[in-house]
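Summary of the model geometry
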Amino acid sequence: MLWPFKVVAGTNDKPMIVVKYKGQEKQLCAEEVSSMVLVKMREIAEAFLEKPVKNAVVTVPAYFNDSQRKATMDAGAIAGLNVIRIISEPTAAAIAYGLDKRTNCVGERNIFIFDLGGGTFDVSLLTIKDKVFQVKATAGNTHLGGEDIDNRMVNYFVEEIKRKNKVDISGNPRALRRLRTACERAKRTLSCVVTTKVDVDAIFQGIDFNSSINRARFEEINMELFEECIETVEKCLTDAKMDKSSVHDVVLVGGSSRIPKVQQLLQAFFNGKDLCKSINPDEAVAYGAAVQAALLSKGFKNVPDLVLLDVTPLSLGISITGDRMSVVVPRNTSIPLKKKQGFGTSFDNQSSVGIDVYEGERTRASDNNLLGFFVLSSFPPAPRGHPLDVSFSIDENGILSVSAEEKTTGNRNEITIINDKDRMSAKEIERMIQEAKFYEAEDREFLKKANTKNDLDKCVYKIRNALKKDCIRSLVCSKEKEDICSAINRAADLLDEENEQYDIAVFEACLKELESFLERLESLGIIVK
């Protein structure tokens with residue numbers, strides 16, 4: 001663990017950060033810590049402007065999910081600020097770039113934002129046309145950033161200290177902290193020179209540590225991380241269904257984007273295209289946020305009129321029969337949005353239905369992240385398949401609301417997804433997408449099996465209803481009826497939730513048998529197609 005503090009479980013398992021303040025132990029939630037940062041920033045702004053600051057636009061990593069965005073708004077409220085908008089950091093950087101280059105922009109331009117900061121890595125592909133800034137796709141990785149590069153260097157020098165001085169400092173937080181500071185300084189220096197020294201006096205048990213590192217060794221230590229950056233870039237372009245040759249400009253944002261090897265790999269990926277370094281990588285996000293704040297406020301002159309269209313980082317949908325994920329809002333869909341999709345009840349005489357809302361990329365709903373759930377009730381009993389409308393709405397801040405309506409009565413219920421307990425981190429989001437790739441074949445097999453089971457269930461339902469009709473006695477002999485009933489019972493046993501161990505071939509064989517009976521009953525006119 002690299003944190004200098006403990007994390008414990010609070011109410012509803014909410015993570016709490018344990019710190020010592022004035023000799024007392026305090027537990028703080030993440031929103032409280034974030035609010036302290038916002039309070040300090042507000043004080044700096046007020047000192048400069050010489051007037052109170054009440055409203056704020058806050059930028060977040062592109063991969064911040066609904067819960068994290070809501071937590072950010074809560075942090076603003078704790079700090080006494082009215083958060084009027086939350087925008088993604090790459091989008092804010094694109095605003096800064098777009099204003100810087102606006103006089104040179106002719107027609108539509110595709111801008112790739114490469115944001116490698118201290119803690120997170122985000123990339124976004126945007127199209128700028130006239131006043132519209134539209135995000136086409138976004139991708140990211142939360143275990144990529146300046147801190148992760150520092151950690152690789154720390155591990156390298158810990159091993160060197162072991163080899164040279166026969167001591168292990170890995171269990172000493174103070175020694176590691178001092179070494180990490182020296183590594184961070186060396187990392188910045190290596191962006192300008194090819195060799196630098198790493199010196200820490202009395203690092204451990206009175207030992208002075210003196211060493212050096214060159215740029216080649218630095219690149220070797222971190223090459224895996226640098227290559228992951230390029231993989232994420234490629235993934236973003238794939239999601240946007242755009243070839244890299246169609247990208248007009250590649251914009252560098254974030255302090256770690258200054259690393260020469262990162263720039264070299266990025267330039268090579270884009271076939272030698274010159275990288276845009278005209279905007280300050282440390283200030284671009286804040287500059288874009290300030291422009292957005294001016295757009296949303298009254299009384300500012302000479303502020304260009306812009307339209308921002310961001311995207312949702314993960315697919316959103318609900319669970320349907322067979323634990324399948326039915327996607328309503330695909331990943332990288334532009335927001336704000338309102339999207340409606342029709343669904344049906346699962347069985348006869350159903351007067352209520354549970355709506356489970358998920359986000360994620362897996363085929364099986366339970367493998368994704370449950371955002372929330374609610375019940376739509378008090379509608380008249382009807383045959384299975386009774387129509388319901390489910391609507392997803394995401395506002396400008398990425399906050400999600402889901403509603404369901406039964407058409408005949410107009411009964412309606414809805415939920416706004418709130419941060420009532422700890423949910424996914426950005427790292428977990430990345431893990432889910434990586435898992436989706438890893439388990440893609442398994443997901444295809446699951447979907448095939450789930451659809452077969454669903455078809456089998458429909459077949460059983462139709463034949464059972466047919467067997468209740470009076471005309472069945474005169475048209476079907478007792479032996480044939482007995483065979484049909486026997487097949488239905490076997491199918492019902494297979495559809496039992498406890499019989500998941502059966503292979504898909506067993507379900508397909510049973511379905512084939514029932515379909516032959518179904519065709520026989522249809523030929524007799526007992527079942528109408």
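The structure we're discussing is the one just above.
This section reports on the structure supplied with the text. Fair warning: this is a prediction, and the values are worked out from it, not measured in the lab. (Residues numbered from 1 in each chain as written. Predicted model: local features only at pLDDT ≥ 70, side-chain atom pairs only at ≥ 80, totals over all residues. Heavy atoms only, no water.)

Brief notes about the overall build of the protein chain
A count of helices and strands for the protein chain gives 13 helices and 22 strands. Counting contacts in the protein chain only where the partners sit at least 6 residues apart, residues at least 24 apart contribute 65% of the total. Here the protein chain has roughly 27400 Å² of accessible surface; of this, 49% comes from carbon and sulfur atoms. (Helix = DSSP H or I, 4+ residues; strand = E, 2+ residues; numbered from the N terminus. Contact = heavy atoms within 4.5 Å. Areas by Shrake-Rupley, 256 points an atom, 1.4 Å probe, with all protein chains shown as cover.)

Thoughts on helix H1 (residues 30-49)
For H1, with 20 residues, the first-to-last C-alpha span of 29 Å sits near the 28 Å given by 1.5 Å per residue. For H1, every residue scored as buried is listed here: Glu31, Ser35 and Leu38. All buried residues of H1 lie within an arc of 65° about the axis, which places them on one face of the element. Exposed residues pointing more than 90 degrees away from the buried face of H1 are listed as Met41, Ile44, Ala47 and Phe48. Phi turns positive one or two residues past the end of H1, at Glu50, with a value near 60°. (Expected span 1.5 Å × (residues − 1). Buried < 20%, exposed > 50% of the residue type's maximum accessible area, 1.4 Å probe, protein only. Arc of directions from axis to C-beta.)

Let's talk about the environment of Leu309
Its location among the elements puts Leu309 in strand S13 (residues 307-311). Each C-alpha atom of the pair Leu309 and Lys136 lies 8.9 Å from the other, and the pair is 173 residues apart in sequence. With residues near it in sequence (within four places) discarded, Leu309 still touches Val132, Phe133, Gln134, Val135 and Ile335.

Observations concerning the pairing of strand S9 (residues 195-204)
Across seven bridges, S9 lies against strand S10 (residues 207-214) in antiparallel orientation. Within S10, the position partnered with Asp199 by the bridge is Asn210. Following S9, the chain reverses through two residues before pairing antiparallel with S10; Gln205 in that reversal takes a positive phi of roughly 50°. (Pairing = 2+ DSSP bridges.)

A word on the packing of helix H6 (residues 215-240) against helix H7 (residues 260-269)
The contact between H6 and H7 brings their axes to 9 Å, and the two run at 40°. With respect to each other, H6 and H7 are oriented oblique. Considering how the two elements wind past one another, H6 and H7 form a crossing that is right-handed. Of H7, the residues touching H6 (which contributes Arg215, Glu219, Met223, Phe226, Ile230, Val233, Glu234 and Leu237) are Pro260, Lys261, Val262, Leu265, Leu266 and Phe269. (Axes fitted to C-alpha atoms, helices over the stretch in contact; angles between N-to-C directions. Parallel < 35°, antiparallel > 145°, perpendicular 65-115°, else oblique. Left-handed = near helix turned anticlockwise from the far one by under 90°.)

Some remarks on unusual backbone geometry
For the bond running from Ile335 to Pro336, omega is 5°, close enough to zero to count as cis. The phi torsion at Asn349 lies on the positive side, around 60°, for a residue other than glycine. Relative to the assigned elements, Asn349 resides in the loop between strand S17 (337-344) and strand S18 (352-359). For Asn349, a relative accessible area of 57% gives the class exposed. The phi dihedral of Ser378 falls on the positive side, at around 65°, and the residue is not glycine. Residue placement: Ser378 occurs in the loop between strand S19 (369-377) and strand S20 (387-394).

Structural notes on the side chain of Thr232
Here Thr232 shows up in helix H6. Note on Thr232: relative accessible area 7%, which makes it buried. At a separation of 3.0 Å, a polar atom in the side chain of Thr232 contacts the main-chain carbonyl oxygen of Glu228. Apart from the residues lying within four places of it in its own chain, the contact partners of Thr232 are Phe121, Val123, Ala139, Gly140 and Asn141. (Polar contact = N/O pair within 3.5 Å; in protein donor to acceptor, adjacent residues only side chain to side chain.)

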